[in-house]
Amino acid sequence: MPAIEDAGDGLPSTAEKTLFGKYEVGRLLGYGAFAKVYHARDVQTEKSVAIKAINKQTILKGGLAANVKREISIMRRLRHPNIVRLLEVLANKKKIYFVLEFAKGGELFAKVAKSRFSEHLSRRYFQQLISAVDPTRRTPPHALRDPCLRGTGDFVEERLRWCKGGYLVLRHHLVRPQRRWTSPDLKRLISRLLDTNPQTRITVDEIINDPWFKIGYKEVEFHCDHLELKDDDDDCDSATSTSTGDTLKVMNAFDIISYSSGYNLSRLLDDREVGERFLSTASPEEIIEKVVEVAEGENLTVVTRKGWCVKVVGGYNCNFVMAVEIKRLTEELVVVEVRRIESEVGPGHQIWKNKIKPGLNNLIYKTGPAGCR
Ligand SMILES: Nc1ncnc2c1ncn2[C@@H]1O[C@H](COP(=O)(O)OP(=O)(O)OP(=O)(O)O)[C@@H](O)[C@H]1O
């Protein structure tokens with residue numbers, strides 16, 4: 001495998017080195033607005049993956065942490081043949097790495113630039129594109145505040161607005177020369193897609209029912225682990241359990257293997273945050289109750305309590321912030337995840353170690369580190 005430039009990516013500079021001992025990093029595949037994407041090989045399975053390296057500072061400076069978290073929360077849950085899967089998220093002090101399914105077909109743009117597509121092939125690619133956009137579209141609106149994730153109508157409108165100057169160019173070069181060999185149905189669809197008026201422009205539902213589009217189209221069954229995407233600005237919002245326990249937050253393989261806690265990636269973005277995980281056979285309600293009891297006994301303030309998650313603050317100048325979240329691992333076992341931001345010195349530092357943790361001792365029987373790798 002060829003050597004790659006380091007370019008401050010924190011990626012290994014030669015193929016002999018591997019990222020986190022798991023991925024042999026190879027050639028640069030491309031650049032995004034905030035990331036570089038590399039080809040890599042999973043050392044264990046020998047499968048190709050794409051690794052998207054994003055600089056934490058760039059994200060934080062650009063105020064993009066929420067966008068990144070949202071992108072992860074949606075991507076990791078979607079299972080669709082035309083959407084690249086997010087396999088894992090890794091991080092070190094400087095970078096976040098998205099490990100993605102490798103799309104070996106290359107870029108559509110490169111294919112278009114190389115040769116003219118037949119109408120049949122165009123339809124196949126277009127159907128895949130619409131099929132991939134459709135489940136995103138069906139995600140509840142509160143998850144789609146990010147303009148990058150809004151439905152295609154808005155998305156297309158946004159893009160057309162960006163390249164307003166280029167639009168006529170597009171019409172002239174792309175549509176007109178093709179008239180000779182384009183079927184009337186396709187011509188009609190293209191003109192509806194390129195309608196500059198968002199009110200009359202064709203919608204995704206209309207596209208799916210369009211006679212040209214419909215030929216041979218099979219709706220793909222997509223799977224989404226959690227459609228009830230929550231706003232992740234609050235530590236407790238990622239806890240989806242209820243006190244009645246009918247929508248349990250069950251850890252899936254992704255959570256366990258990657259040590260990722262739901263959507264909350266704040267620890268990937270804030271080096272001051274520390275954490276621990278415990279296993280417990282106690283009931284989530286009993287554990288939460290105990291945390292609240294001990295915290296209140298220490299004059300800490302419970303600022304949020306939702307289902308199986310509680311957040312408390314306190315200490316000198318409120319320099320101690322702690323969120324405890326519980327997830328079910330098996331019928332008998334739960335994982336208690338404790339995340340804290342505390343100053344290295346001063347009374348805040350001692351609150352967890354000397355007060356709360358001892359108070360929970362009889363509920364937990366195994367400890368392990370949490371936080372990013
Ligand atoms: N899973 C993948 N498999 C193969 N190549 C990929 C993969 N993901 C990205 N690439 C390559 O890396 C390039 C940059 O990807 P990236 O997702 O960062 O950028 P983008 O989607 O163009 O922009 P943005 O930064 O807005 O997400 C792509 O254009 C593509 O060539």
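Structure: above.
Cut-offs applied
- Residues numbered from 1 in each chain as written.
- Predicted model: local features only at pLDDT ≥ 70, side-chain atom pairs only at ≥ 80, totals over all residues.
- Heavy atoms only, no water.
- Helix = DSSP H or I, 4+ residues; strand = E, 2+ residues; numbered from the N terminus.
- Buried < 20%, exposed > 50% of the residue type's maximum accessible area, 1.4 Å probe, protein only.
- Near = heavy atom within 4 Å.
- Polar contact = N/O pair within 3.5 Å; in protein donor to acceptor, adjacent residues only side chain to side chain.
- Areas by Shrake-Rupley, 256 points an atom, 1.4 Å probe, with all protein chains shown as cover.
- Phe/Tyr/Trp six-rings, centres within 6.5 Å; stacked < 30°, edge-to-face > 60°.
- Lys NZ or Arg CZ within 6 Å of the ring centre and 35° of its normal.
- Pairing = 2+ DSSP bridges.
- 1 Å grid on protein atoms, 1.4 Å probe; cavity = no way out; pocket = protein on both sides within 12 Å on 5 of 7 lines; lining within 4 Å.
- Points joined across faces, edges and corners; volume = space filled by probe spheres on them.
- Nonpolar A, V, L, I, M, F, W, Y, C, P; charged D, E, K, R; others polar.

**Q** Which residues make up the environment of Thr-18, and what values do they have?
**A** Within the secondary structure, Thr-18 is located in strand β1 (residues 18-19). Judged by relative accessible area, which is 30%, Thr-18 ranks as partly exposed.

**Q** Any details on the site of the ligand? Residues and values, ideally.
**A** Taken together, 15 residues lie around the ligand, and Ala-33, Lys-52, Glu-101, Ala-103 and Glu-107 are the ones closest in. With respect to the ligand, the side chain of Lys-52 contributes an N or O atom lying 3.0 Å from an oxygen atom. A distance of 2.9 Å separates a nitrogen atom of the ligand from a polar backbone atom of Ala-103. For the ligand, whose unbound accessible area comes to 610 Å², protein coverage reaches 65%. Secondary-structure elements contributing two or more residues to the shell around the ligand are β2 (23-31), β4 (48-55) and β7 (95-101). The element that contributes the greatest number of residues to the shell around the ligand is β2, accounting for 3 residues.

**Q** Residue-level account of the packing of aromatic side chains, with values.
**A** Applying the stated criterion across every chain yields a total of 4 aromatic pairs. With a centroid separation of 4.8 Å and 55° between ring planes, the pair formed by Phe-213 and Tyr-217 is classed as tilted. Grouped by ring-pair contacts, the aromatic residues Phe-126, Phe-213 and Tyr-217 constitute a single cluster. Between the NZ or CZ atom of Arg-123 and the centre of the ring of Trp-212, over which it lies, the distance is 4.6 Å.

**Q** Explain the pairing of β4 residue by residue, including any values.
**A** In regular strands, side chains alternate between the two faces of the sheet. Examined bridge by bridge, strand β3 (residues 35-42) and β4 share 7 bridges and lie antiparallel to one another. By the bridge assignment, Lys-36 is partnered in β4 with Ala-53. Between the end of β3 and the start of β4, which pair antiparallel, lie 5 residues, with Glu-46 showing a positive phi angle near 65°. As paired elements, β4 and β7 share 7 bridges and run antiparallel to each other. The residue of β7 that forms the bridge with Asn-55 is Lys-95.

**Q** Explain the layout of surface pockets residue by residue, including any values.
**A** The calculated volume of the second largest pocket comes to roughly 270 Å³. Surrounding the second largest pocket, 13 residues form its lining, Tyr-23, Asp-42, Thr-45, Val-49 and Leu-87 being those nearest its centre. For the lining of the second largest pocket, the secondary structure elements donating two or more residues are β4 and β6 (86-91). Split into classes, the residues belonging to the lining of the second largest pocket amount to 4 nonpolar, 4 polar and 5 charged.

In short, the description is geometric, and any link to function would need to be established separately.
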